[in-house]
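# Structure at a glance
Each chain, letter by letter, is given below.
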Amino acid sequence: MKEQNREKRQEELLQWHSAFYAGIQIELAEEAKYLEFENEHMLSSRPMQLDVLIIKKDKERKIKKNIGRIFRTYNIVEYKSPDDYLSIDDFYKVYGYTCFYKSDTGKTDEIKADELTITLVCNRYPRKLLEYLKKRHHEIREVEKGIYYISDAWFQVQLIVQKQLTEKDNLWLKNLTNDLKQRQETEQLLREYKRHETENLYRSIMNVIVRANEERFKVNNMCEALDEILEYHFKGKLEAGFQRGRDEGLKAGLEEGRIRGMAEGRIEGIAEGIAEGRAEGRAEGRHQMLSTQIKKKIAKGKSIAQIADELEEPEETILPLYNQLVTMGD
């Protein structure tokens, strides 16, 4: 049980980190051509890695986006998911990683200390950490809402508190949370997402936000927009199902061929297994997708003729599903 909980928590953390990696690229999109992003940058061959490494391609270029104004050449980012907190030890960990990154080069002082910055990102204001730093003579200065500069002898350090950011300047990082509260937040996110729904970065971050705040989207009567987002990701699951079907078919085909003990039987078994798995997966996926689409259109009061026309399907194809869904609705 403990191992299962540990694996579940690790999976959740990976989802949040993946969404954050998409979010910080969205926030810096206007200047992305001047930056190089690395997710989970490994520090040597040992199990140490940076959450995000951002390298300026042109050392002299100033980044205008508020979260990137502090950037120098090499910018190390430590991110904490919404249910996690930024501790004193986390500060020392990323500080140590930054020192290691500086030293792990081909020659002495190849990366200068003043070419490095540290960015700490968390959802809630880390009061204990900042009180600790103040006692050790670090000055904490809020340069704008949610962005603080921490004075340091060696590196430029900034703290980003997502909850305090403004939606005007940092819509996606502010709302990368499991605690959306205002209707206007969900409406603005959906409007912005619809403008970029074909772009993978936006899909990645919106998927996590919706999954973490599903009830909030439903409460705000945005089920149709939510369904469209979930439908996209459901399609991805179907594609994964197709792959599993192919894998299982291949396995079944190999087993049948082994039993026959002949090369010809093995080849035929593999082919039959793959074909059966692919056919079943596609059929199931098509059936479920059609059901979802027909259900939405029934809810809008459309006739079977209108539904068939809009889906570009023969009426006889969708009639059984239509009757089944209407009967269930009754």
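Residues numbered from 1 in each chain as written. Predicted model: local features only at pLDDT ≥ 70, side-chain atom pairs only at ≥ 80, totals over all residues. Heavy atoms only, no water.

## Comments concerning the pattern of salt bridges
We apply this condition: Should a side-chain nitrogen of Lys or Arg be within 4 Å of a carboxyl oxygen of Asp or Glu, the pair is scored as a salt bridge. Numbering of helices and strands starts at the N terminus; helices are DSSP runs of H or I of at least 4 residues and strands are runs of E of at least 2. With a 1.4 Å probe rolled over the protein chains alone, any residue whose accessible area is under 20% of its type maximum counts as buried; one over 50% counts as exposed, and the rest are partly exposed.
Taken as a whole and assessed by the stated rule, the structure comprises twelve salt bridges. With a closest N to O distance of 2.8 Å, Glu 144 and Arg 69 form a salt bridge. In this pair, Glu 144 sits in strand S5 (residues 140–144) while Arg 69 sits in the loop between strand S2 (49–56) and strand S3 (74–79), placing the two residues 75 residues apart along the sequence. With its nearest N and O atoms 3.4 Å apart, the salt bridge here joins Lys 194 to Glu 197. Look at Lys 194 and you get partly exposed, because its relative accessible area is 40%. Taken together, the salt bridges that share partners define one network made up of Glu 78, Lys 80, Asp 84, Asp 90 and Lys 93.

## Looking at the nonpolar core
Inclusion rule: Buried Ala, Val, Leu, Ile, Met, Phe, Trp, Tyr and Cys residues that are joined via side-chain atoms within 4.5 Å together make up what is termed a nonpolar core. Contacts are residue-level and defined by heavy atoms, with any inter-residue pair within 4.5 Å sufficient.
Residues Phe 20, Leu 28, Ile 54, Trp 172 and Leu 176 are the most contacted members of the largest nonpolar core, which totals 38 residues. Listed by contribution, the elements that provide at least two residues to this core are helix H1 (2–27), strand S1 (35–42), S2, S3, strand S6 (147–150), helix H4 (167–174), helix H5 (183–195) and helix H6 (200–212). Top element by residues in this core is H1. It accounts for seven residues. Contact partners of Trp 172, with chain neighbours within four places excluded, come to Ile 26, Glu 27, Leu 189, Glu 192, Tyr 193, Tyr 202, Ile 205, Met 206 and Ile 209. Listed in part, the 30 residues of the second largest apolar core include Leu 50, Phe 91, Tyr 95 and Val 161.

## Points about the packing of H5 against H6
For any two helices packed against each other, one specifies the crossing angle of their axes together with the interaxial distance. Let me state the cut-off plainly: The angle between two axes is taken between their N-to-C directions and runs from 0 to 180 degrees, where each axis is a line fitted to C-alpha atoms and a helix contributes only its stretch in contact. For this classification, under 35 degrees means roughly parallel, over 145 means roughly antiparallel, 65 to 115 means roughly perpendicular, and everything else is oblique. Crossings are sorted by hand: turned counterclockwise from the far helix by less than a right angle, the near helix makes the crossing left-handed, and turned clockwise it makes it right-handed.
Look at H5 against H6: their axes get within 10 Å of each other, and the N-to-C directions meet at 155 degrees. By the angle class used here, H5 and H6 are roughly antiparallel. For H5 against H6, the interelement crossing comes out left-handed. Here H5 contributes Leu 189, Leu 190 and Tyr 193 to the contact with H6, which in turn contributes Tyr 202, Arg 203, Met 206 and Ile 209.

## What to know about the pairing of S5
This is how it is decided: When DSSP finds two or more bridges between two strands, those strands count as paired.
Bridge analysis of S5 against S6 gives four bridges, and the strand direction is antiparallel. From the neighbouring strand, Glu 142 faces S6, where its bridge partner is Tyr 148. Between S5 and S6, which pair antiparallel in sequence order, lie two residues; one of them, Gly 146, sits at a positive phi of approximately 85 degrees.

## Things to note about the environment of Val 94
Position of Val 94 among the secondary structure elements: in helix H2 (residues 88–103). Through-space distance from the C-alpha of Val 94 to that of Ile 76 is 8.2 Å; in sequence the pair is 18 residues apart. Not counting residues up to four positions away in its chain, the partners in contact with Val 94 are Ile 76, Glu 78, Ile 118 and Leu 120.

## Focus: the packing of aromatic side chains
How we decide: Paired rings are identified among Phe, Tyr and Trp, the last through its six-membered ring, by centres lying within 6.5 Å, and are further divided according to the angle between planes into stacked (under 30 degrees), edge-to-face (over 60) and tilted (the rest). Only when the NZ atom of a Lys or the CZ atom of an Arg is both within 6 Å of the ring centre and within 35 degrees of the ring normal do we say a charge sits over the ring.
Scanning all chains against the criterion turns up ten aromatic pairs. With centroids separated by 5.7 Å and ring planes inclined at 40 degrees, the aromatic side chains of Phe 91 and Tyr 95 adopt a geometry described as tilted. In this pair, Phe 91 and Tyr 95 both sit in helix H2, four residues apart, roughly one turn of the helix. The same class applies to Phe 91 as to Tyr 95, namely buried. Taken together, the aromatic side chains of Phe 91, Tyr 92, Tyr 95, Tyr 132, Trp 154 and Phe 155 make up a single cluster linked through ring pairs. Over the face of the ring belonging to Tyr 34 we find Arg 61, whose NZ or CZ atom lies 3.5 Å from the ring centre.

## Digging into unusual backbone geometry
Phi is positive for Asp 109, which is not a glycine, with a value near 55 degrees. Residue placement: Asp 109 occurs in the loop between H2 and strand S4 (116–122). Even without a glycine there, the phi angle at His 137 is positive, about 70 degrees. Relative to the helices and strands, His 137 is located in the loop between helix H3 (127–135) and S5. Using a relative accessible area of 74% as the deciding quantity, one classes His 137 as exposed.

## What about H6?
For clarity, the threshold we go by: Expected span of a helix: the number of residues minus one, times 1.5 Å.
A rise of 1.5 Å per residue sets the reference length of H6, with its 13 residues, at 18 Å; its end C-alpha atoms lie 19 Å apart and thus fit the reference within 8%. Listed as buried for H6 are Tyr 202, Arg 203, Ile 205, Met 206, Asn 207, Val 208, Ile 209 and Val 210.

## Comments concerning the pairing of S4
In the case of a regular strand, side chains alternate between the two sheet surfaces. The test is simple: By convention a crossover is right-handed if, when the strands point away from the viewer, the path from the first strand over the helix to the second runs clockwise.
When you tally the buried positions in S4, you get seven out of seven residues, the bulk of the element. The pairing of S3 with S4 spans six bridges and is parallel. In the sheet register, Ile 76 faces S4, and the bridge partner there is Ile 118. Regarding the hand of the β-α-β motif, the stretch spanning S3, H2 and S4 is right-handed. Here six bridges tie S4 to strand S7 (residues 156–161), and the two strands are oriented parallel to one another. Its bridge partner lying in S7, Thr 119 is registered against Gln 158.

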